[in-house]
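Architecture at a glance
These are the residues of each chain, in order.
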Amino acid sequence: MGDLWTCAGRELLRRTGRTFANVFGYLLATAMMVGLLSLLLFSKDAASGVLGSTGTHFIAFAPACTPVCDVKAVDAQNEGFVANGSETALIPAGAVEKVKRLSTVKDAAPYLSFRFKDPRDGHTFTVGGFVPGGNAAVATTCCAEAHIVAGRFLQPDDQGAAMLDEAYARSQDLHVGDKITIAGLPFVVAGIVNPGVRPARADVYMRFSDAERAITRRVLSPPVRHVANVLLVEVRSSRVQEQAIQSVKRLLPDTVTSTYACYKPAAQVMGMQEGTVWLLTLLLGLCAVVLALKSQLSSVIERRRDIGILKAIGWTDGNVVSLILTESILQALAGGALGCLVAAAILLLAPIKQLAGIDSPGPVTVSALVFLSGFALALLGGVIAGVVPALVAARQRPADSLRRV
Amino acid sequence: MRIDSEAGTNCLLLECRDLRKTFVVKRQEICVLESITFSVNRGEIVVLTGKSGAGKSTLLGILAGLDRPTSGSAIFEGRPLESMTNEALAWLRRRDIGIVFQSFNLLPSWTAFENVEAALMHTGLSKSARRQKVVALLEALGLGARLDNLPAELSVGEQQRVAVARTLIHAPKLLLADEPTGDVDPETAQEIIARLVAPVKETGATLIVATHGIFPQEIADTVFQMKDGRLAPATE
Ligand SMILES: Nc1ncnc2c1ncn2[C@@H]1O[C@H](COP(=O)(O)OP(=O)(O)OP(=O)(O)O)[C@@H](O)[C@H]1O
Ligand SMILES: [Mg+2]
């Protein structure tokens, strides 16, 4: 065994040009595979982060005709609980907690959505009442800090503060700091938001408790307390969205849900991405092995004569196969290790994210598993690329290989 | 050497029966060896002469188990070579048969020492024992200062001596030498011949030398002429 390593090592060190070419082949194949795979996985994760939360939210409400715990508005003609353009009933208290406990649900929040009529000019507008404090469901279905265009976002202790939708503020010529009156209660405009198209969009936003107070003034008893007419739900991933909707409907049989359809293509794209990654991994691995095989095979053809000589002086086919296999594995080990190093260096040092156009916080992650499998594949390539040419070499008639000079 | 095959005596080492070897070149079969029948005893020296292309190297290749005859049989110590496995033939070359090639066939990336040592590599000898043996032989052949030189750094005569050393190192029973003195000066030729003949005298080895040129035929027990792939006793 020691002799084998000595002979193989000696051969590799003396034929520096050929060894370099072979090691470089493994290096290239490994670096390419590890690097591309890391990049692929990283970009997939980044994309999944985006796609996974694309359209992963919905609202649930009970249409008004369902007699759950109905509360009549004073001016039922113009005012009342609304969601998504239609009138709603109230959802029993405690529903939020039940929905929150669903495994497919990331977060849920109660929401009050009421249409008021301005007694001065008769225009109607909707008020959305939510509990400020960074609830994920509020952020995606209603509005979030990032949507602020002027002023600031509502805080948990912002009693008497309101936030206006940008379009509504423009139409009413309202600005941050202006005072408004809703159901006879005074509010100060703290901020203006533009959340875009949201299922729980409103013209005026305020704290949940402020909305309770305002609405209570516009309905026939009893006072509105600890109830909501809309449930805001954030799902764990677009892939379980359908499941989450079904679960909520089972929990609250009278509700209907409203969501975007875009979670469906997002879920599909994520599935496609996973398939692509595996296919590419397979192809890259195959390329690496073929590359290694080619370089080994050509060096064995080049060495026909050496192999013939060794056989002529009493080396068995097995001895020759072991030697070539050892050489091949040594080169694969060196090339694989160097390839991993090069890939790591490129991934960590080069501006990969900018080049690949990946918009994701944090550095490019290098997974030990990818590196290990890249290295293992290089080694496997070395063995395959060693065995095949070694067997080819062993089958040669020594007389034939010695005759070719 | 006997042309007929009177096998069975104790001292019989090698016997060829009706050997035939053909090659197919461009779909055409060319016959290189035809009806080769002879036997060689232990301790004999046989010289094969013949013009270039007569088939001497091809015959030696078959006798060394490097090539297989198209038909006929080559029997070494009672075992027909053509029915042996590659593995068994390799073992035969490792222990009993040594060949010096017309073109030396040294490994170009191995030093003189390593080339000779390669023949002992898988014999179970320890590294130090191998070193001792190889150095002693190369020194005896006047290559003591050339141990660590690659073949390309040696003169043709020196390369030939390394090739001879590689063949002699495991003291084979049958020595096959293909044009061993082809490219060397008369003095070196003398020395190489002496080196090849020595084991015959000392250990009863058998030597078969193929040559198309000048070779001291007087040292031979039998001289044998090859012509167009056939064997005939030297006329002269
Ligand atoms: N593998 C082969 N394929 C085709 N023809 C071959 C092959 N090997 C040998 N020959 C032919 O067989 C003939 C004998 O060749 P061989 O090398 O045995 O001659 P030789 O007597 O050793 O000649 P020399 O004295 O020049 O060395 C030649 O004509 C050669 O072309
Ligand atoms: Mg010849």
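So, a few notes on the structure that sits alongside this text. As the structure is a computational prediction, the values presented were derived from the model and not from experiment. (Residues numbered from 1 in each chain as written. Chains lettered and ligands numbered in written order. Predicted model: local features only at pLDDT ≥ 70, side-chain atom pairs only at ≥ 80, totals over all residues. Heavy atoms only, no water.)

**What about the overall build of chain A?**
Across its full length, chain A carries 13 helices and twelve strands. Taken across its 405 residues, chain A has 50% of its residues classed as buried. Contacts spanning at least 24 positions in sequence make up 79% of the contacts within chain A whose residues lie at least 6 apart. When the accessible surface of chain A is totalled, it reaches about 18800 Å², and 63% of it is carbon and sulfur. (Helix = DSSP H or I, 4+ residues; strand = E, 2+ residues; numbered from the N terminus. Buried < 20%, exposed > 50% of the residue type's maximum accessible area, 1.4 Å probe, protein only. Contact = heavy atoms within 4.5 Å. Areas by Shrake-Rupley, 256 points an atom, 1.4 Å probe, with all protein chains shown as cover.)

**Some points on the coordination of the magnesium ion (ligand 2)**
All of the protein donors around the magnesium ion (ligand 2) are Ser57 of chain B (OG) and Gln102 of chain B (OE1); their distances to the metal are 1.9 to 2.4 Å. Of this pair, Ser57 of chain B sits in helix H1 (residues 56-63) while Gln102 of chain B sits in the loop between strand E6 (97-100) and helix H3 (112-117), and the two are 45 residues apart along the sequence. (Donors = N, O, S within 2.8 Å, 3.2 Å for Na, K, Ca; no water.)

**With respect to the site of ligand 1**
Residue and element names in this part refer to chain B. Taken together, 15 residues form the shell around ligand 1, and within it Ser52, Gly53, Lys56, Ser57 and Thr58 come nearest. In the environment of ligand 1, an oxygen atom lies 2.9 Å from a nitrogen or oxygen atom belonging to the backbone of Gly55. Lys56 is positioned such that a nitrogen or oxygen atom in its side chain is 2.7 Å from an oxygen atom of ligand 1. Calculation on ligand 1 without its partners gives an accessible area of 640 Å², and the protein chains cover 73% of this total. Counting residues per element, the ones that place at least two in the shell around ligand 1 are strand E1 (12-25), strand E2 (28-41) and H1. With three residues, the single largest contributor to the shell around ligand 1 is H1. (Near = heavy atom within 4 Å. Polar contact = N/O pair within 3.5 Å; in protein donor to acceptor, adjacent residues only side chain to side chain.)

**Quick word on helix H6 (residues 186-203) of chain B**
All names here are of chain B. Helix length check: H6, at 18 residues, gives a terminal C-alpha distance of 26 Å against a target of 26 Å (1.5 Å per residue), a fit within 8%. Where the residues of H6 are buried, they touch strand E3 (45-50), E6, helix H5 (156-168), strand E7 (174-178) and strand E8 (206-211). Once H6 finishes, Gly204 follows within two positions and takes phi at roughly 75°, a positive value. (Expected span 1.5 Å × (residues − 1).)

**Observations regarding the environment of Leu13 of chain B**
Residues and elements named next belong to chain B. Along the chain, the position of Leu13 falls in strand E1. Classification of Leu13 as buried rests on a relative accessible area of 2%. C-alpha separation for the pair Leu13 and Val40, spaced 27 residues apart in sequence, amounts to 5.9 Å. Beyond its immediate stretch of four places on either side in the chain, Leu13 contacts Val40, Asn41, Arg42, Ile75, Phe76, Glu77, Lys173, Leu174 and Thr206.

**Some words on the nonpolar core**
In terms of nonpolar packing, the biggest core is built from 95 residues, with Trp315 of chain A together with Leu63 and Ile208 of chain B touching the most fellow members. At six residues, H6 of chain B tops the list of elements feeding residues into this core. Here Trp315 of chain A is in contact with Cys7, Leu310, Val320 and Leu323 of chain A together with Ala90, Arg94, Trp110, Ala118, Met121 and His122 of chain B, once residues within four sequence places are set aside. Judged by nonpolar contacts, the second largest core, of 30 residues, contains Leu90, Ile180, Val204 and Val224 of chain A. (Core = buried A, V, L, I, M, F, W, Y, C linked by side-chain atoms within 4.5 Å.)

**Some details on the packing of helix H10 (residues 317-349) of chain A against helix H12 (residues 368-395) of chain A**
Helix packing geometry: the angle between the two helix axes and the distance between the axes. Residue and element names in this part refer to chain A. Relative to each other, H10 and H12 sit at 155°, their axes nearing to 8 Å. By the angle class used here, H10 and H12 are roughly antiparallel. Considering the relative orientation of H10 and H12, their crossing is right-handed. Here the residues of the contact of H10 with H12 sort into 22 nonpolar, four polar and one charged. (Axes fitted to C-alpha atoms, helices over the stretch in contact; angles between N-to-C directions. Parallel < 35°, antiparallel > 145°, perpendicular 65-115°, else oblique. Left-handed = near helix turned anticlockwise from the far one by under 90°. Nonpolar A, V, L, I, M, F, W, Y, C, P; charged D, E, K, R; others polar.)

**Comments concerning the interface of chain B and chain A**
Between chain B and chain A, the residue contacts involve 31 residues of the former and 24 residues of the latter. For the pairing of chain B and chain A, the buried interface totals around 2500 Å² over both sides, and the portion due to carbon and sulfur atoms is 52%. In this structure, Arg14 of chain A engages Glu114 of chain B in a salt bridge whose closest nitrogen and oxygen atoms are separated by 2.7 Å. The interface formed by chain B and chain A contains twelve residue pairs in polar contact (both at pLDDT 80 or more). (Buried area = accessible area lost by both parts, 1.4 Å probe. Salt bridge = Lys/Arg side-chain N within 4 Å of Asp/Glu carboxyl O.)

**Here's the deal with the pattern of salt bridges**
Across all of its chains, the model carries 26 salt bridges over all chains by this definition. When the shortest N-O distance is used, the salt bridge between Arg18 of chain A and Glu11 of chain A registers 3.4 Å. On the accessibility criterion, Arg18 of chain A (16% relative accessible area) is buried. Here Arg146 of chain B and Glu158 of chain B are joined by a salt bridge, their closest N and O atoms 3.3 Å apart. Highlighted residues: Arg146 of chain B in the loop between helix H4 (127-140) and H5 and Glu158 of chain B in helix H5, separated in sequence by twelve residues. On the basis of relative accessibility, which here comes to 29%, the residue Arg146 of chain B falls in the partly exposed class. Note on Glu158 of chain B: relative accessible area 15%, which makes it buried.

**Remarks on the packing of H5 of chain B against H6 of chain B**
Residue and element names in this part refer to chain B. Running from N to C, H5 and H6 point in directions that differ by 0°, and their axes come no closer than 11 Å. When the axes of H5 and H6 are compared, the pair comes out roughly parallel. Contact residues: Gln160, Arg161, Val164 and Leu168 in H5; Thr188, Glu191, Ile192, Arg195, Leu196 and Pro199 in H6. Here the contact of H5 with H6 is composed, by residue class, of five nonpolar, two polar and three charged.

**Things to note about the pairing of strand E7 (residues 161-165) of chain A**
Residues and elements named next belong to chain A. Counting buried residues along E7, five of its five residues qualify, which places the element largely inside the surrounding structure. Covered by surrounding structure in E7 are Ala161, Met163 and Asp165 together with Ala162 and Leu164, the residues of both alternating faces. In terms of strand pairing, E7 meets strand E9 (residues 185-193) through five bridges, oriented parallel. If you follow Leu164 over to E9, its bridge partner there is Ile192. Sheet topology places E7 next to strand E10 (residues 204-207); three bridges connect them, and they run antiparallel. Each bridged residue has a counterpart across the sheet, and for Met163 the counterpart in E10 is Tyr205. (Pairing = 2+ DSSP bridges.)

**Some points on the environment of Arg239 of chain A**
Residue and element names in this part refer to chain A. Mapped onto the elements, Arg239 comes out in the loop between strand E11 (230-235) and helix H7 (241-251). Taking the C-alpha atoms as reference points, Arg239 and Leu51, separated by 188 residues in sequence, lie 9.7 Å from one another. Discounting chain neighbours no more than four positions away, the residues touching Arg239 are Ala267, Met270, Gly271 and Glu274.

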